[in-house]
Amino acid sequence: MISNQFFLFLQDTQSPLDMLFSISPISILNAILTIAVIYLIIRLSDALASVLSNRAPRARFFFKMAATIVRFSVLFVGGTLIVAIFAPSQQTLFAVLASAGLALGLGAQDLIKILLVD
């Protein structure tokens, strides 16, 4: 037996047209500025890691590894900020994350298949 909460969950969803009209030019500008700042931070951290690895060749691996960690951290925080800027509904966010998870899973499955066969 399906509870009434499930039907209330289905009624709270927005139509795609409503979601499109909820995006304002200000939020698009904020997202573009966020992407630009993310890009600059990543470029600066890569340049800093390159300079530091040239000054201390023994620690080259550490600096390159730290640059990768900084890059993923900045991308995660930036992605979270962009999601916060557009503020999609919970159902939309779950649908997008499920689609991304499915795509990554299928891609990883194909990659593992290629690695095991070859």
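The structure reproduced in this document is the subject of the present report.

1. Regarding a nonpolar patch on the surface
Taken together, the side chains of Ile23, Ile28, Ile32 and Phe86 present a nonpolar region at the surface, about 330 Å² in accessible area. As for its position among the elements, isoleucine 28 is in helix α3 (residues 25–55). Owing to a relative accessible area of 41%, isoleucine 28 belongs among the partly exposed residues under this scheme.

2. Things to note about α3
The first and last C-alpha atoms of α3 sit 45 Å apart over 31 residues, in line with the 45 Å expected at 1.5 Å per residue. Three or more residues of α3 are buried, namely Ser27, Ala31, Thr34, Ile38, Ile42, Ser45, Ala49 and Ser53. Along its buried surface, α3 packs onto α4 (60–86).

3. Topic: the side chain of serine 27
Topologically, serine 27 is positioned in helix α3. On the basis of relative accessibility, which here comes to 10%, the residue serine 27 falls in the buried class. For serine 27, the residues in contact, after removing those within four places along its chain, are Ile85 and Phe86.

Rules behind the numbers
- Residues numbered from 1 in each chain as written.
- Predicted model: local features only at pLDDT ≥ 70, side-chain atom pairs only at ≥ 80, totals over all residues.
- Heavy atoms only, no water.
- Patch = residues over 30% accessible without salt bridge, like charges linked within 9 Å, V, L, I, M, F, W, Y side chains within 5 Å.
- Areas by Shrake-Rupley, 256 points an atom, 1.4 Å probe, with all protein chains shown as cover.
- Salt bridge = Lys/Arg side-chain N within 4 Å of Asp/Glu carboxyl O.
- Helix = DSSP H or I, 4+ residues; strand = E, 2+ residues; numbered from the N terminus.
- Buried < 20%, exposed > 50% of the residue type's maximum accessible area, 1.4 Å probe, protein only.
- Expected span 1.5 Å × (residues − 1).
- Contact = heavy atoms within 4.5 Å.

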